[in-house]
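Commentary on secondary and tertiary structure
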Amino acid sequence: MTSERNTDIEIRLLIEAIYLKYSYDFRNYSGASIKRRILHALRQFDCLTVSALQERVLHDPGMFMQLLQYLTIPVSEMFRDPGHYVALRNEVVPLLRTWPSIKVWIAGCSTGEEVYSMAILLREEGLLERTIIYATDINPHSLDKAKQGIYSMQSMREYAENYRLAGGRRDFAEYYTAAYGNAIMDSTLRDNVTFADHSLATDSVFSETQLVSCRNVLIYFNKALQDRALGLFHESLCHRGFLVLGSKESVDFSAYSERFESLVKPERIYRKS
Amino acid sequence: MKGVHAVVIGASAGGVTALFSVLGALPAGFAIPVICVLHLPDDRHSQLAEVLQRRLRRPVFEARDKQPLRAGQIYVAGPGYHLSVERDLTLSLSQEPPVHFSRPAIDYLFMSAADAYGAGLLGMLLTGANEDGAEGLAYIKQNGGRTVVQDPCDAQVALMPEAALALHQPDHILSLSGIERLLAALETSAC
């Protein structure tokens, strides 16, 4: 039990050290998951204690970059939860059309799968040309991958099925070029995409938007940080703008439960009220 | 059994039937939260909570992110997400890779609940064809909590309880009816 208590103290110190040295703020992440990820990294880096890991991370920025890959969770797919995209097409797109120009913020875009999904959907609806997509994340490696838009052909086969179920109107293969077991996404899909480093924990709002998509990011935050992020989304969204969350996320337990109304409840699509 | 502030239950193959009888044995007006992970196919719409609720005739909730744990409530993990207990006694979901091919993983629920409840936790591992939960149950014991393993001879599939017994000596090895008796006699105190 003593060693367990030590581990918990060390984890707090490590997170504090990361914040002080690198300005990455994990202090309000959900404790259970961050603890598992740090202990997992510990084994990968062959450190006996979290304190030993902390020493290496403090003195070696390269080491921190490696640890960051464990602290963030790059789980993403294209057209994940196809029903969500069907609802976007049917319920949100007709209203989005009414704005002369559209700004979309994909917060926590990870390796870009959601960005390309959104761009494909907007192109098929004839809206991509007048849309700017801001794709933000805290992990520079993930952002690089997102910008490159190269995914394994194996995963593309799964995404093709998602795309079909999501109401896709074309042959999914039209959106990429296959080469050496990889798929290279059509680069014109990201003509209107701005990729940027942005932290929901420490940064502020940078633009007015009509739609914010933040899926499977808030579950890693504690309630205080969830409230902060929802506050940013609320501030960024224009009057009656749209907020879309992951399938197990909601505004229900947050300070913003009264400030967003459900548009499509099972798909977690909200409108600023 | 005194001083139990929460019960966590893990099961896999054969687990639905086992959960029916174990949860059915909870005394009326039990005053602690009960949290369960049953391995499920990774299908977005699980009916487990509804099925249990109908059968048990008491409310059963599919666990939601940031949901505060309440005394006398039963929570089950939904498919596709790990379920954890946070130290402020709320639930949280996450999508780290599967453990022993499972998401939700029993180990993650057990370990996080042991961190949150310490000696006040009772962990139970039932039937299953998977080693998930063994490490988590040992961790509960290590943190002062109490542990119960379903007797492998009584389990529909023995592998999960056997894996647990290979890792640590639990407080009780019981058949399902033994577990039912233990739960029925649970003297609980709200936390």
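This text follows the structure it describes.
Description of the structure in this document.

Cut-offs and rules
- Residues numbered from 1 in each chain as written.
- Chains lettered and ligands numbered in written order.
- Predicted model: local features only at pLDDT ≥ 70, side-chain atom pairs only at ≥ 80, totals over all residues.
- Helix = DSSP H or I, 4+ residues; strand = E, 2+ residues; numbered from the N terminus.
- Rg over C-alpha atoms; globule rule 2.2 N^0.38 Å.
- Buried ≥ 20, exposed ≤ 12 C-beta atoms within 10 Å, placed from the backbone.
- Pairing = 2+ DSSP bridges.
- Axes fitted to C-alpha atoms, helices over the stretch in contact; angles between N-to-C directions.
- Contact = placed C-beta atoms within 7 Å.
- Nonpolar A, V, L, I, M, F, W, Y, C, P; charged D, E, K, R; others polar.

The next subject is the overall build of chain B. Helices and strands together make up the secondary structure of chain B, namely 6 helices and 9 strands. The C-alpha radius of gyration of chain B comes to 14 Å, within 12% of the 16 Å expected for a compact globule of 191 residues. A principal-axis box enclosing the C-alpha atoms of chain B has dimensions of 35 × 35 × 30 Å. Evaluated residue by residue, chain B yields a buried proportion of 51% over its 191 residues.

Geometrically, the link from R103(B) to P104(B) is a cis peptide bond, its omega value of 15 degrees lying close to zero. Inspection of the secondary structure puts P104(B) in the loop between β6 (91–94) and α3 (106–117). Even without a glycine there, the phi angle at D46(A) is positive, about 60 degrees. The topology assignment puts D46(A) in the loop between α2 (31–44) and α3 (50–59). Judged by C-beta crowding, with 8 C-beta atoms within 10 Å, D46(A) ranks as exposed.

What follows deals with the pairing of strand β4 (residues 176–179) of chain A. Here β4(A) pairs with strand β5 (residues 182–185) of chain A via 4 bridges, running antiparallel. If you follow A179(A) over to β5(A), its bridge partner there is N182(A).

Moving on, we get to the sheet that holds strand β2 (residues 34–38) of chain B. Residue and element names in this part refer to chain B. Taking strand neighbours across the sheet as the criterion, the 7 strands line up as β3-β4-β2-β1-β7-β8-β9 in an open arrangement whose pairing is parallel. Each edge of the open sheet carries a strand with a single partner, namely β3 (60–62) and β9 (172–174). Neighbour to neighbour, the strand axes of the sheet diverge by 20 degrees on average, direction disregarded. Both strand β1 (residues 6–11) and β2 contribute to a ladder of 5 bridges, which runs parallel.

Below, the discussion takes up the interface of chain A and chain B. Between chain A and chain B, the residue contacts involve 19 residues of the former and 19 residues of the latter. Put simply, the parts of the chain that give the side of chain A that touches chain B at least two residues each are α2 and α9 (223–236) of chain A. For the side of chain A that touches chain B, the element with the highest residue contribution is α2(A), accounting for 4 residues. Tallied by class, residues from the side of chain A that touches chain B come to 7 nonpolar, 6 polar and 6 charged.

Purely geometric stuff here, so don't read any function into it on its own.
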